[in-house]
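# An overview of the molecular structure
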Amino acid sequence: MSSRFTWKPLALVISASVVLTACNQSEAEQVSVNTQPVQAVEQSAASQQAVTPRQVVVHYADLAHATYKDSLVTAQVLKQAIAELLASPTEANLQSAREAWLKARVAYQQSEVFRFGNAVVDDWEGQLNAWPLDEGMIDYVKEADYQYELGNEGALANIIASESLQVGGEAIDVSEITPQLLADLNEIGGSEANVASGYHAIEFLLWGQDLNGFAVGAGERSASDFAQGENCTNGNCDRRGQYLAAASELLVQDLEWMVAQWAPGAQDNYRTELLSSEPSEVMRRMLFGMGSLSLGELAGERMKVALEANSYEDEHDCFSDNTHNSHYYNAKGIQNVYLGHYVSTSGEELKGPSLSDLVATQDAELDARVKSDLASSMQALEVMVAAAESSEVPMPFDMMIAPGNAKGAEIINAAIMALVNQTGSIEQVAGKLGVTSLEPDTAGHSF
């Protein structure tokens, strides 16, 4: 499950160890910025001085809008691929739906940097990206290999095979599977492992359980699990299809709502509320989001926990073995915010006034160091991606965390330490820009 923890001062932890419009003309004057590779001084002094905090925070809202819009577009493609699978449940159509899911993750994972510091996102994102989940609540599982949260009454509920559920003393009618029902079933019985909707519920339905443990291989669900009549395997194929269709519809609905929250021109959405704040407060949220995703969530909850526990149940995209890419694009989202730059899955580029521009006017050396640290994190995660997708000896994340896998642990630890280092630089940026009380979320981890 995505973490929510008490904020703790990062300094205590570190001491222990295609072009889119950059911003709406009515909100901030358009500014052209240089996008050449990392150097201490990239722009002329005049260009740097033209960038104001107000322009940077408006462009931050533009980045969020573009990222969520891309997430919506790719979710709509996924929904269509699922509809085609259900209309004609062939292995080719199942593979197309899986590929659409993988592509949808590229955009969405980059959006997670907007979660921390923006309550409108944090309060909403669990319905889309909560993990880990007890998949037996959704569909059949191989019980001999199924690990679930102790005491979770819903861990084997199997909504797809049931007309009603009895969880936490409550009788729930699940005879009609709708988007609203799935939303209502999240965390039934008080367990965060009861995840009924979102990317990971869809992932489970497309791939099935990954029964390979620490060995190579992802889930191997057959397309016949969605077939009709005598071709149906594992029973309840009609309800399984209804569930998958409802989950994909809810995903699109949720993303449509979030796109609207960041859209320019509205009078009553979150963007309007955010931009009515002082720029210093918005920059605090920007830096808090970068630091918290970098340290507590990505380095801590998504990597350190799984490695220390040697637990493939704690890997992020555990059914598809796509965890390496989810980690990579989380880090990319952090880099995007600092540089004021986003490239959509279709290749469109958005760039504009950035935190980097502001820092460079005051301390070019610090700006260069932050860029270097961000690049180092991306490089460390590129090593993880390359190892996971090797054509010769692939080592996906669930193999990297296996007991005794020294090479895998080395790859993960290198990524963790790079993220720790970049978070320290992010905190220095906060000090340079006069942002106080940053305290990125460590999720209770020491590094």
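Keep in mind that what you see is a predicted model, and the values were worked out from it rather than measured. (Residues numbered from 1 in each chain as written. Predicted model: local features only at pLDDT ≥ 70, side-chain atom pairs only at ≥ 80, totals over all residues. Heavy atoms only, no water.)

One full turn of an α-helix is made of 3.6 residues, so residues set three or four places apart face in the same direction. Compared with the 24 Å implied by 1.5 Å per residue over 17 residues, the 25 Å span of helix α12 (residues 323-339) between its first and last C-alpha is a close match. Most of α12 is tucked away, with 14 of its 17 residues classed as buried. Just beyond α12, the residue with positive phi is Gly340, at close to 65°. (Helix = DSSP H or I, 4+ residues; strand = E, 2+ residues; numbered from the N terminus. Expected span 1.5 Å × (residues − 1). Buried < 20%, exposed > 50% of the residue type's maximum accessible area, 1.4 Å probe, protein only.)

Turning to the packing of aromatic side chains, a few remarks are in order. Two descriptors summarise a pair of aromatic rings, namely the distance from one centre to the other and the angle between the planes of the rings. Scanning the entire structure with this criterion turns up 11 aromatic pairs. Centroid distance Tyr68 to Phe114: 6.1 Å. Interplanar angle 50°. Geometry classified as tilted. Residue Tyr68 is found in helix α3 (residues 53-87), and its partner Phe114 is found in the loop between α4 (91-111) and α5 (119-122); the two are separated by 46 residues along the sequence. Judged by relative accessible area, which is 2%, Phe114 ranks as buried. Put simply, the rings of Tyr60, Tyr68, Phe114, Trp124, Trp262 and Tyr270 touch in pairs and so form one group of aromatic residues. Over the ring of Phe204 we find Arg221, and its NZ or CZ is 5.2 Å from the ring centre. (Phe/Tyr/Trp six-rings, centres within 6.5 Å; stacked < 30°, edge-to-face > 60°. Lys NZ or Arg CZ within 6 Å of the ring centre and 35° of its normal.)

A few words now on the state of the cysteines. Counted according to the given criterion, the structure contains one disulfide. Two residues share a disulfide in this structure: Cys232 and Cys237, whose sulfurs sit 2.1 Å from each other. Measuring the twist about the S-S bond at about 90°, one finds the Cys232-Cys237 disulfide to be right-handed. (Disulfide = S-S within 2.5 Å.)

According to the stated counting rule, one finds 17 salt bridges in the structure shown. Of the charged contacts, one joins Arg271 and Asp62 as a salt bridge, the two residues approaching to 2.7 Å between their closest N and O atoms. Within this pair, whereas Arg271 is found in helix α10 (residues 270-275), its partner Asp62 is found in helix α3, the two being separated by 209 residues in sequence. Of the two residues, Arg271 and Asp62, both sit in the buried class. Across the salt bridge formed by Arg240 and Asp139, the nearest N and O atoms sit 2.7 Å from each other. With Arg240 in helix α9 (residues 237-262) and Asp139 in the loop between α6 (126-129) and β2 (164-167), this pair connects stretches of sequence that are 101 residues apart. Across the pair, Asp139 and Arg240 agree in class, each one buried. A network of salt bridges, in which partner residues are shared, links Glu112, Arg115, Asp122, Glu125, Glu297 and Arg302. (Salt bridge = Lys/Arg side-chain N within 4 Å of Asp/Glu carboxyl O.)

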